[in-house]
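# Summary of the model geometry
In case you want the letters, here they are:
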Amino acid sequence: MIRPDTSAPEQEALFGSGAADYERFRPGVPPPAVQLLASALRSRPDPVLLDLGTGTGQVPRALLAAELGLAHIEAVDVSRPMLDQARDALTPVLGHCTLRLVHAAADAYTPLAGGETRAPHLVTCCRSFHWMDRPAVLAMADRYAAPDAAVAIMGDGSLWTHDADWTRALRELIQRYLGVERRAGTGTAYCEPRRSYEEDLAASAWSDVTEHRFPVDRVWAPKDVIGYLRSTSFAAPELFGERHAAFEAEARRLLDAHASGGPLTEHAVFTVLLARRGGGRSER
Ligand SMILES: C[S@@+](CC[C@H](N)C(=O)[O-])C[C@H]1O[C@@H](n2cnc3c(N)ncnc32)[C@H](O)[C@@H]1O
């Protein structure tokens, strides 16, 4: 099982191999969600972003494109290959913004000593909070974020959790190869967080929370679903061993058959929990 106390090297092995496919096939942050995050930063001079579990840098990229005048980005990830992808993607679009890539577990993040790193005004965690030691991450954000900062916990599920004919058929095919339990890398099964993100936030310093839900319809080509699967922890190539080519061929036939009856559509909901410090007591 993957638990919050899973060690950083295990997490790194889990996410390292799919970095190139992740960059190519994962959908970005939907524009209305970017607008919401931008509104948390817009009125500030020289805003600073701390992005936890940055992956290939989807969140920083979306916020740089929003032209808020971001002054500095701290991008944190346990996976070196993900950080390499993030550096390649972000460097050409940074403009005057500075970037520090931090190879660490999010809860172990520390700013540079000597006050060199300015306190972040926005701390983001997109499609990554469930992998982390969540109370420790929220306590870390409380230690380092600016007094009036916001924390945004966000995500949109996956093609494993999505409920449509084609995603159900695909999930069943994966289960035929790998067993019924959802995998989370080699040798482990995925473990749902024991309490909700809302409960995590309520028990933290970040207890003033608003939920924002943005419906997004995505149309997938079968070949892109195959690429997406390679970037996941539940259908990564190494899980299938020698049977990976056979799995991909079968998955492609299945997806082509479903696509001939119409597009492969995913009706996703991208949810943002935007949290600020509340006045009450919190677990630390
Ligand atoms: C599903 S990806 C999300 C990437 C990006 N935020 C996005 O939305 O596209 C999850 C990322 O979290 C990273 N990750 C997992 N556990 C982590 C931890 N404890 N601390 C920091 N990063 C972690 C993984 O290496 C991976 O890059």
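### Concerning the sheet that holds strand β1 (residues 48-52)
Strand order in the open sheet formed by seven strands is β3-β2-β1-β4-β5-β7-β6, with mixed pairing between adjacent strands. Unpaired on one side and paired on the other, β3 (98-103) and β6 (208-220) mark the two borders of the sheet. Adjacent strand axes in the sheet meet at a mean angle of 15 degrees when their direction is disregarded. As judged from the five bridges shared by strand β4 (residues 122-126) and strand β5 (residues 150-155), these two strands associate in the parallel manner. Its bridge partner lying in β5, Cys126 is registered against Met154. Most of the contacts of helix α5 (residues 80-90) go to β3, to which it runs at about 170 degrees, and overall it touches β2 (72-77) and β3.

### Quick notes on the environment of Gly53
Note on placement: Gly53 falls in the loop between β1 and α4 (58-65). Among the residues examined, Gly53 registers 25 C-beta atoms within 10 Å and is labelled buried. Between the C-alpha atoms of Gly53 and Ala104, which are 51 residues apart in sequence, the distance is 9.3 Å. Excluding its chain neighbours within four sequence positions, the residues that come into contact with Gly53 are Asp77, Ala106, Cys125, Ser128, Trp131 and Met132.

### Some thoughts on unusual backbone geometry
Positive phi, normally seen in glycine, also occurs at Asp46, with a value near 50 degrees. Along the polypeptide, Asp46 turns up in the loop between α3 (31-39) and β1. Its 12 C-beta neighbours within 10 Å are what place Asp46 among the exposed residues. Even without being glycine, Glu67 reaches a positive phi, approximately 55 degrees. Relative to the helices and strands, Glu67 is located in the loop between α4 and β2.

### A short note on the confidence of the model for the protein chain
Residues shown with low pLDDT carry predicted positions that ought not to be read at fine detail. Per-chain confidence: the protein chain averages 90 in pLDDT, with 91% of residues scoring 70 or above. Contacts for the low-pLDDT stretch residues 1-7, under 50 throughout, to residues beyond four places or in other chains number 14 contacts.

### Some points on the pairing of β5
Across the six residues of β5, five count as buried, placing the element largely inside the fold. Between β4 and its parallel partner β5, the chain crosses via helix α6 (residues 134-144), and the hand of that crossover is right-handed. Where β5 lies against strand β7 (residues 264-276), five bridges are found, and the strand directions are antiparallel. Residue pairing for β7: Met154 is matched across the bridge by Val272.

### Some words on the packing of helix α9 (residues 222-230) against helix α11 (residues 244-260)
One can describe the packing of α9 onto α11 by two numbers: an axis separation of 9 Å at closest approach and a directional angle of 140 degrees. Classified by the interaxial angle, the pair formed by α9 and α11 is oblique. Read as a crossing pair, α9 and α11 show a hand that is right-handed. Residues Pro222, Val225, Ile226 and Leu229 of α9 form the contact with α11, whose own contacting residues are Glu248, Ala251, Arg252, Leu255, Asp256 and Ala259. Residues of the contact of α9 with α11, tallied by class, amount to seven nonpolar, no polar and three charged.

Basis of the calculations
Residues numbered from 1 in each chain as written. Predicted model: local features only at pLDDT ≥ 70, side-chain atom pairs only at ≥ 80, totals over all residues. Pairing = 2+ DSSP bridges. Helix = DSSP H or I, 4+ residues; strand = E, 2+ residues; numbered from the N terminus. Axes fitted to C-alpha atoms, helices over the stretch in contact; angles between N-to-C directions. Contact = placed C-beta atoms within 7 Å. Buried ≥ 20, exposed ≤ 12 C-beta atoms within 10 Å, placed from the backbone. pLDDT = per-residue confidence, 0-100. Right-handed = clockwise from strand over helix to strand, strands pointing away. Parallel < 35°, antiparallel > 145°, perpendicular 65-115°, else oblique. Left-handed = near helix turned anticlockwise from the far one by under 90°. Nonpolar A, V, L, I, M, F, W, Y, C, P; charged D, E, K, R; others polar.

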